[in-house]
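Observations on the three-dimensional arrangement
Here is how the chains run, residue by residue.
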Amino acid sequence: MKIGCPKEIKPQEFRVGVTPNAAREAVAHGHTVLIETGAGVGAGFDDDAYRAAGAEIIATAPEIFADADMIVKVKEPQAVECKMLREGQILFTYLHLAADPEQTRDLLASGCTAIAYETVTDAHGGLPLLAPMSEVAGKLAPQVGAWTLQKPNGGRGVLMGGVPGVGPARVAVIGGGVVGTHAARVAAGMGADVTVLDRSLSRLRYLDDVFGDQFKTSYASAGNTAELVADADLVIGAVLIPGAAAPKLVSRAQLSIMKPGAALVDVAIDQGGCFETSHATTHEDPIFEVDGILHYCVANMPGAVARTSTIALGNATMPFMLALADKGWRQACEDDPHLLDGINVHAGKLTYYAVGKALGINVISPTLALKE
Ligand SMILES: NC(=O)c1ccc[n+]([C@@H]2O[C@H](COP(=O)([O-])OP(=O)(O)OC[C@H]3O[C@@H](n4cnc5c(N)ncnc54)[C@H](O)[C@@H]3O)[C@@H](O)[C@H]2O)c1
């Protein structure tokens, strides 16, 4: 199969869909890998690294779209890219179609088979191609929170770990899933006094069993949440209700009882945010202030560490990419129901129920698509 990887064209996107390591494995499996020149530069991979892995460097994206059997990317295709997709071609990337009617319409019109990273599942009920980015965002959250707390950035001027004779920062992490667990581990590692709040008792039990004394756990009742938020120097929002907008767990009124200069890092901003006063920001201008409380609300946090994020994503996508290339999408999806869950669009039909429901478009089952 010819696997094509164009350079990402969404503003501020430095990741790349295929790493040199993934290219090397695909070539070893007998496939041809076409990389647009400069595609990996933002993640620290120059053209020579791909050449050394056996890939071909191609001058332009249109040539790649015209020649490849499968396009592997990071971000959803932009309108100009959708126009280059064609019937019978596989697109393997993040799509997030439920909130994007234009892209959905364009993908349907293209006739391609689009497999979304974010809906591929695993045997434990998890989302294996979303998890690496949650791990990255979780580990970044205390790092950016610590920076936000510094006085020159408008923060409270509190050091995460304190020093002998001066206590550490108090950190509340709301949501103890993938993001929350990684955030809590890093914040605790920096020496902060950390409490993780969650509504799932089984999750709290797991955290308590595995992490013991590294951080505390608390049931996320409205009362407990309000108390810990009022006492915190840094609050990290990391909740997720799958398929729904994030619940607002800290109101504007609550800001007035927080410590002046305290920081909120709303990792859940990509689902609308879990603080009432949050709005999405960018890496260029990440922080804003409301009622004396600093907000960091960057919607694509992993982009700040494009190299780590690219490698982490590549490790997770590579086995699926190889299965698709080795067997073709039909056989690969027949053999692996978790990959089948990833199919969102096939030959002009929508195949993912939640997207159809959100956008009011008829859906056929992916199993039916396999037979078409
Ligand atoms: N901003 C970014 O760059 C970025 C990057 C990656 C992930 N995210 C987002 O981070 C959020 C968390 O992702 P995740 O992978 O950790 O999800 P997850 O499903 O692993 O964890 C979410 C946790 O929230 C808990 N929860 C749900 N409602 C709650 C409530 N009312 N109070 C307390 N806890 C509650 C759940 O029990 C679960 O443990 C998502 O919105 C995700 O999209 C953002």
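Residues numbered from 1 in each chain as written. Predicted model: local features only at pLDDT ≥ 70, side-chain atom pairs only at ≥ 80, totals over all residues. Heavy atoms only, no water.

1. Concerning the overall build of the chain
Of regular secondary structure, the chain possesses 14 helices and 15 strands. Against the globule reference of 21 Å for 372 residues, the chain gives a C-alpha radius of gyration of 22 Å, in line with a compact fold. Structurally, the chain occupies a C-alpha span of about 65 × 45 × 35 Å along its principal axes. In the chain, which comprises 372 residues, the share counted as buried stands at 51%. In the form shown here, the chain has an accessible surface area of approximately 15,800 Å², with 55% of it arising from carbon and sulfur atoms. Taking the average location of the 29 positive side-chain charges in the chain and that of its 41 negative ones, the two points are 3 Å from each other. (Helix = DSSP H or I, 4+ residues; strand = E, 2+ residues; numbered from the N terminus. Rg over C-alpha atoms; globule rule 2.2 N^0.38 Å. Buried < 20%, exposed > 50% of the residue type's maximum accessible area, 1.4 Å probe, protein only. Areas by Shrake-Rupley, 256 points an atom, 1.4 Å probe, with all protein chains shown as cover. Lys, Arg positive; Asp, Glu negative; His and termini not counted. Charge placed at Lys NZ, Arg CZ, Asp CG, Glu CD.)

2. Remarks on the nonpolar core
Within the largest apolar cluster, 75 residues are counted, with the highest numbers of intra-cluster contacts made by Phe92 and Met321. Looking at this core, the element that brings in the most residues is helix H11 (residues 306-335), giving 11 residues. Among all residues touching Met321, those that are not within four sequence positions of it are Ile3, Val18, Ala22, Ala26, Met70, Val72 and Phe92. (Core = buried A, V, L, I, M, F, W, Y, C linked by side-chain atoms within 4.5 Å. Contact = heavy atoms within 4.5 Å.)

3. Here's the deal with the site of the ligand
Around the ligand, a shell composed of 26 residues is seen, among which Ser134, Val179, Asp198, Asp270 and Met301 lie nearest. Here an oxygen atom of the ligand and a backbone polar atom of Val179 are 2.8 Å apart. Measuring from a nitrogen atom of the ligand, one finds a backbone N or O atom of Val267 at 3.0 Å. The fraction of the free accessible surface of the ligand (870 Å²) that becomes covered by protein chains is 84%. At the level of elements, helix H6 (131-148) and helix H7 (178-189) are the ones that each hand at least two residues to the shell around the ligand. For the shell around the ligand, the leading source of residues is H6, giving 3 residues. The class makeup of the residues in the shell around the ligand is 16 nonpolar, 7 polar and 3 charged. (Near = heavy atom within 4 Å. Polar contact = N/O pair within 3.5 Å; in protein donor to acceptor, adjacent residues only side chain to side chain. Nonpolar A, V, L, I, M, F, W, Y, C, P; charged D, E, K, R; others polar.)

4. Thoughts on a nonpolar patch on the surface
On the surface, Leu159, Val163 and Val166 cluster together into a nonpolar patch covering about 280 Å² of accessible area. Judged by its relative accessible area of 45%, Val163 falls in the partly exposed class. (Patch = residues over 30% accessible without salt bridge, like charges linked within 9 Å, V, L, I, M, F, W, Y side chains within 5 Å. Salt bridge = Lys/Arg side-chain N within 4 Å of Asp/Glu carboxyl O.)

5. Remarks on the environment of Thr93
Relative to the assigned elements, Thr93 resides in strand S5 (residues 90-93). In this structure the side chain of Thr93 is engaged in a polar contact, spanning 2.8 Å, whose partner is the backbone oxygen of Val74.

6. A look at the side chain of Thr310
With respect to the secondary-structure elements, Thr310 resides in helix H11. Among the residues examined, Thr310 registers a relative accessible area of 0% and is labelled buried. Only 2.8 Å separates the side chain of Thr310 from the backbone oxygen of Ala306, close enough to count as a polar contact. Excluding its chain neighbours within four sequence positions, the residues that come into contact with Thr310 are Arg15, Val16, Thr19, Ala43 and Phe45.

7. What to know about the sheet that holds strand S4 (residues 70-72)
Strand order in the open sheet made by the 8 strands is S3-S2-S1-S4-S5-S6-S14-S15, with mixed pairing throughout. Each edge of the open sheet carries a strand with a single partner, namely strand S3 (56-58) and strand S15 (349-350). Sheet topology note: the S4/S5 ladder contains 3 bridges and is parallel. Note that in S5 the partner of Met70 across the bridge is Ile90. In the packing of H11 onto the sheet, contacts are made with strand S1 (2-5), S4, S5, strand S6 (113-116) and strand S14 (343-346), and the angle to S5 comes to roughly 150°. (Pairing = 2+ DSSP bridges. Axes fitted to C-alpha atoms, helices over the stretch in contact; angles between N-to-C directions.)

8. Here we look at the packing of H6 against H7
At a minimum axis separation of 7 Å, H6 and H7 run at an interaxial angle of 35°. Two packed elements cross with a definite hand, and for H6 against H7 that hand is right-handed. In contact with Ala131, Ser134, Glu135, Gly138, Lys139, Ala141 and Pro142 of H6, H7 contributes Val178, Val179, His182, Ala183, Val186 and Ala187. Residues belonging to the contact of H6 with H7 are distributed by class as follows: 8 nonpolar, 3 polar and 2 charged. (Left-handed = near helix turned anticlockwise from the far one by under 90°.)

9. A few points about the sheet that holds strand S9 (residues 216-219)
One open sheet holds the 7 strands; their spatial order is S9-S8-S7-S10-S11-S13-S12, and the pairing between them is mixed. In this open sheet, the two strands that pair with only one neighbour each are S9 and strand S12 (287-290). With strand direction ignored, the average angle separating the axes of adjacent strands in the sheet is 20°. Packed on one face of the sheet, helix H8 (residues 201-211) meets strand S8 (193-198) and S9 and runs near 170° to S9.

10. Re the packing of aromatic side chains
Considering all chains together, one arrives at 4 aromatic pairs under this definition. With 6.4 Å between their ring centres and 75° between their planes, Phe45 and Tyr50 make a pair best called edge-to-face. There is no split in this pair, since Phe45 and Tyr50 are both buried. An aromatic cluster is defined as three or more aromatic residues linked by ring pairs; in this entry it consists of Phe92, Tyr94 and Tyr117. (Phe/Tyr/Trp six-rings, centres within 6.5 Å; stacked < 30°, edge-to-face > 60°.)

Read these as layout, nothing more, since geometry by itself doesn't imply function.
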